[in-house]
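# Secondary and tertiary structure notes
Single-letter residue listing:
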Amino acid sequence: MIYLLEPYPRNSPVPYLQEFIAVGRRNRPGYSMKPKWITIHDTANSSSGAGAKMHSQYVRNTPDLVASWHITIDEKYIIQHLPFNENGWHATDGTYGTGNRESIGIELAQNSDGNRPKTEDNGAWTVAWLMKEFNIPLSNVVQHNKWYPVKNCPNILRNRVGGWQGFLNQIQFYFD
């Protein structure tokens, strides 16, 4: 199911799809949210074929799944799963945690058959667009690790020399 609800980018570098989790599902909490943060994650799934489309199916079709996030990105697609005015369960900081209740969750695909540099570039573009839409400063673009310090996430950006700062630089390039 694809929806065309505002806001959505009209000049996306790849197809932007809205494939929402059904209302009433466990992983669509439905609490209202005014985004103040953007939290970056890696999918932690390096399997071949585990791109944005597969993760969209997973988050929408897995019975009793509690986890949810707003967007999954790979080199081919940007797919939104939750409206930006609703929270997701992605930050591991609890029902009332700032990460879950005030943050847009973005998952970057890390599938072995994907193009990670293009995925990160699409991610940087998406974050810059969201920053403009919701007036979120770059200082409020954070790693999942901020909300849950024992989690090495986003692991690829965290473990590559200059990875996180390089990603922030890409975001700033698109923001300007």
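Preceding block: the structure.
This report concerns the structure included in the present document. What you see is a predicted model; the values in this text were computed from it and never measured.

Formed by 27 residues in total, the largest nonpolar core has its most connected members in Ile38, Ile40, Ile106, Val141 and Ile171. Secondary-structure elements contributing two or more residues to this core are β2 (37–42), β3 (71–73), β5 (103–108), α3 (116–134) and α6 (163–175). Here this core gets seven residues from one element, more than from any other, and that element is α3. Apart from residues no more than four positions distant in its own chain, Ile171 is found in contact with Ala124, Val127, Ala128, Met131, Leu138 and Val141.

What follows is about the side chain of Glu86. Within the secondary structure, Glu86 is located in the loop between β4 (78–80) and α2 (98–101). By relative accessible area, which is 14% here, Glu86 ends up buried. Separated by 2.8 Å, the side chains of Glu86 and Arg28 make a polar contact. Glu86 has contacts with Arg28, Gly30, Tyr31, Met33 and His70, leaving out every residue within four places of it along the chain.

So, about α6. End to end, α6 covers 18 Å across 13 residues, agreeing with the expected 18 Å (1.5 Å per residue, within 8%). Residues of α6 that are buried sit in contact with β2, β5, α3, β6 (141–143) and α5 (155–159).

Running from amino to carboxyl end, α3 crosses α6 at an angle of 55°, the nearest separation of the two axes being 8 Å. For the element pair α3 / α6, the angle class is oblique. Handedness of the crossing formed by α3 with α6: right-handed. In this structure, α3 uses Glu120, Asp121, Gly123, Ala124, Trp125, Val127, Ala128, Met131 and Lys132 to contact α6, whose residues at the interface are Phe167, Gln170, Ile171, Tyr174 and Phe175. Within the contact of α3 with α6, the residues separate by chemical class into nine nonpolar, two polar and three charged.

Reading the values: rules and limits
- Residues numbered from 1 in each chain as written.
- Predicted model: local features only at pLDDT ≥ 70, side-chain atom pairs only at ≥ 80, totals over all residues.
- Heavy atoms only, no water.
- Core = buried A, V, L, I, M, F, W, Y, C linked by side-chain atoms within 4.5 Å.
- Buried < 20%, exposed > 50% of the residue type's maximum accessible area, 1.4 Å probe, protein only.
- Helix = DSSP H or I, 4+ residues; strand = E, 2+ residues; numbered from the N terminus.
- Contact = heavy atoms within 4.5 Å.
- Polar contact = N/O pair within 3.5 Å; in protein donor to acceptor, adjacent residues only side chain to side chain.
- Expected span 1.5 Å × (residues − 1).
- Axes fitted to C-alpha atoms, helices over the stretch in contact; angles between N-to-C directions.
- Parallel < 35°, antiparallel > 145°, perpendicular 65-115°, else oblique.
- Left-handed = near helix turned anticlockwise from the far one by under 90°.
- Nonpolar A, V, L, I, M, F, W, Y, C, P; charged D, E, K, R; others polar.

Purely geometric numbers; function is a separate question.
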